[in-house]
Amino acid sequence: LRPAFEQSRIERVYFENCRHSNHSSGYMADFFKQVLQSNHFITRVSFGILEFAQEDVKTVCGAIESRNAGSQPIEGLGMVNCFENGIDTQTLKTILASITTSRTGNVVLNLSFNGMSSREA
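Residues numbered from 1 in each chain as written. Predicted model: local features only at pLDDT ≥ 70, side-chain atom pairs only at ≥ 80, totals over all residues. Heavy atoms only, no water.

**Student:** Help me understand the pairing of strand β1 (residues 12-16) in this model?
**Tutor:** Consecutive side chains along a regular strand alternate between the two faces of the sheet. Residue alternation in β1 divides its side chains into a buried set, Val 13 and Phe 15, and an unburied set, Arg 12, Tyr 14 and Glu 16. As paired strands, β1 and strand β2 (residues 44-48) are joined by 5 bridges and run parallel to one another. Note that in β2 the partner of Phe 15 across the bridge is Phe 47. (Buried < 20%, exposed > 50% of the residue type's maximum accessible area, 1.4 Å probe, protein only. Helix = DSSP H or I, 4+ residues; strand = E, 2+ residues; numbered from the N terminus. Pairing = 2+ DSSP bridges.)

Printed below as a string of structure tokens:
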């Protein structure tokens, strides 16, 4: 599927329900990074019910920061129900740091159903 994602003129991508495999989140993070580096039409990406480890978040956020440094910024990121035991403060900081690198000034962030407390928020 990667060649199709890399070459299509799609603007929004949504990956959902991949918790069935222990290796899916790391694979999805690497897949996303490669697609985002190749397809500059994509401006919004969302993940749902896909459990991410902190390293996976760093991979995804690094790809977003790379895109934002160029002329094709990411305007939206969604990570819905992606942290089974809740989102920790360091992971939240990583996510916020990556989306604030966008020059558009209007970035949509959706972190619903991640068990955040007011300390993290």
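Structure shown, so let's carry the discussion forward.
**Student:** What is the right way to look at the side chain of Thr 91 in this model?
**Tutor:** Looking at the element boundaries, Thr 91 is found in helix α4 (residues 89-99). In this view, Thr 91 contacts Gln 54, Val 57 and Phe 83; residues no more than four positions away in its chain are not counted. (Contact = heavy atoms within 4.5 Å.)

**Student:** Could you clarify how one ought to interpret the packing of helix α3 (residues 54-69) against α4 in this entry?
**Tutor:** Think of two packed helices as two axes; the pair is described by the angle between the axes and how far apart they sit. In contact at an axis separation of 8 Å, α3 and α4 are set at 15 degrees when each is read in the N-to-C sense. On the basis of their axis angle, the class for α3 and α4 is roughly parallel. When you trace α3 past α4, the crossing you get is left-handed. Between α3, through Gln 54, Val 57, Lys 58, Cys 61, Ile 64, Glu 65 and Asn 68, and α4, the contact on the second element is made entirely by Gln 90, Thr 91, Thr 94, Ile 95, Ala 97, Ser 98 and Ile 99. Per-class residue counts for the contact of α3 with α4 are 6 nonpolar, 6 polar and 2 charged. (Axes fitted to C-alpha atoms, helices over the stretch in contact; angles between N-to-C directions. Parallel < 35°, antiparallel > 145°, perpendicular 65-115°, else oblique. Left-handed = near helix turned anticlockwise from the far one by under 90°. Nonpolar A, V, L, I, M, F, W, Y, C, P; charged D, E, K, R; others polar.)

**Student:** How should the environment of Glu 51 be read in this particular structure?
**Tutor:** You can see Glu 51 is positioned in the loop between β2 and α3. We classify Glu 51 as partly exposed; its relative accessible area is 35%. For Glu 51 and Glu 84, which are 33 residues apart along the polypeptide, the C-alpha to C-alpha distance reads 6.4 Å.

**Student:** Can you help me understand the side chain of Asn 39 in this one?
**Tutor:** With respect to the helices and strands, Asn 39 occurs in the loop between α2 (24-38) and β2. Classification of Asn 39 as buried rests on a relative accessible area of 1%. Here Phe 41 takes part through its backbone nitrogen, which lies 2.8 Å from a polar atom of the side chain of Asn 39. Leaving out residues up to four positions away in the same chain, Asn 39 has contacts with Phe 5, Glu 6, Gln 7, Ser 8, Ile 10 and Arg 67. (Polar contact = N/O pair within 3.5 Å; in protein donor to acceptor, adjacent residues only side chain to side chain.)

**Student:** I keep staring at the sheet that holds strand β3 (residues 76-80) and nothing clicks. Help me out?
**Tutor:** Working definition: the strands of a sheet are paired by backbone hydrogen bonds and lie parallel or antiparallel to each other. In space, the 4 strands of this open sheet follow the order β1-β2-β3-β4, with parallel pairing throughout. Edge positions in the sheet fall to β1 and β4 (108-110), since each has one partner strand and no second. Taking each pair of neighbouring strands and ignoring which way they run, the sheet shows an average axis angle of 5 degrees. Pairing between β2 and β3: 5 bridges, direction parallel.

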